[in-house]
Amino acid sequence: MTALVPSGDGSGVVVDSGGIARARAVTVGARSESVAEILAGLAAGETVVTTGAYGIEDGTKIIRTAR
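Residues numbered from 1 in each chain as written. Predicted model: local features only at pLDDT ≥ 70, side-chain atom pairs only at ≥ 80, totals over all residues. Heavy atoms only, no water.

Trainee: How should the environment of Gly59 be read in this particular structure?
Mentor: Secondary-structure assignment places Gly59 in the segment after β6 (47–48). Placed 38 residues apart in sequence, Gly59 and Ala21 show a C-alpha to C-alpha distance of 5.2 Å. If sequence neighbours within four positions are ignored, Gly59 has contacts with Ile20, Ala21 and Arg22. (Helix = DSSP H or I, 4+ residues; strand = E, 2+ residues; numbered from the N terminus. Contact = heavy atoms within 4.5 Å.)

Trainee: Explain the layout of surface pockets here, please?
Mentor: Any empty space left between atoms is shown by rolling a water-sized probe over those atoms. Counted as a void, the largest pocket has a volume near 440 Å³. What lines the largest pocket is a set of 14 residues, and nearest its centre among them are Val48, Val49, Ile62, Arg64 and Thr65. Across the lining of the largest pocket, the residue classes tally to 6 nonpolar, 5 polar and 3 charged. Empty space within the second largest pocket amounts to approximately 180 Å³. Lining the second largest pocket are 13 residues, with Ala3, Leu4, Ile38, Val48 and Val49 sitting closest to its centre. Going through the elements one at a time, β2 (11–15) and β5 (36–40) are the ones with two or more residues in the lining of the second largest pocket. It is β2 that provides the largest number of residues to the lining of the second largest pocket, a total of 3 residues. (1 Å grid on protein atoms, 1.4 Å probe; cavity = no way out; pocket = protein on both sides within 12 Å on 5 of 7 lines; lining within 4 Å. Points joined across faces, edges and corners; volume = space filled by probe spheres on them. Nonpolar A, V, L, I, M, F, W, Y, C, P; charged D, E, K, R; others polar.)

These figures capture arrangement, not role.
In structure tokens, the structure reads:
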């Protein structure tokens, strides 16, 4: 799961409204190789980095690309 960076139960990278990456502690529930259930730490509608979070430092400017 490349969206979760190991730190305690798990950390995710949330992109704030200004496009800046912010590390956020999340509580992870059930998980598989490709999917993780987030029990706490995220709010509805927040943008999260789903791939490649390991290389992103807190405070990095994120440019969203279309897939």
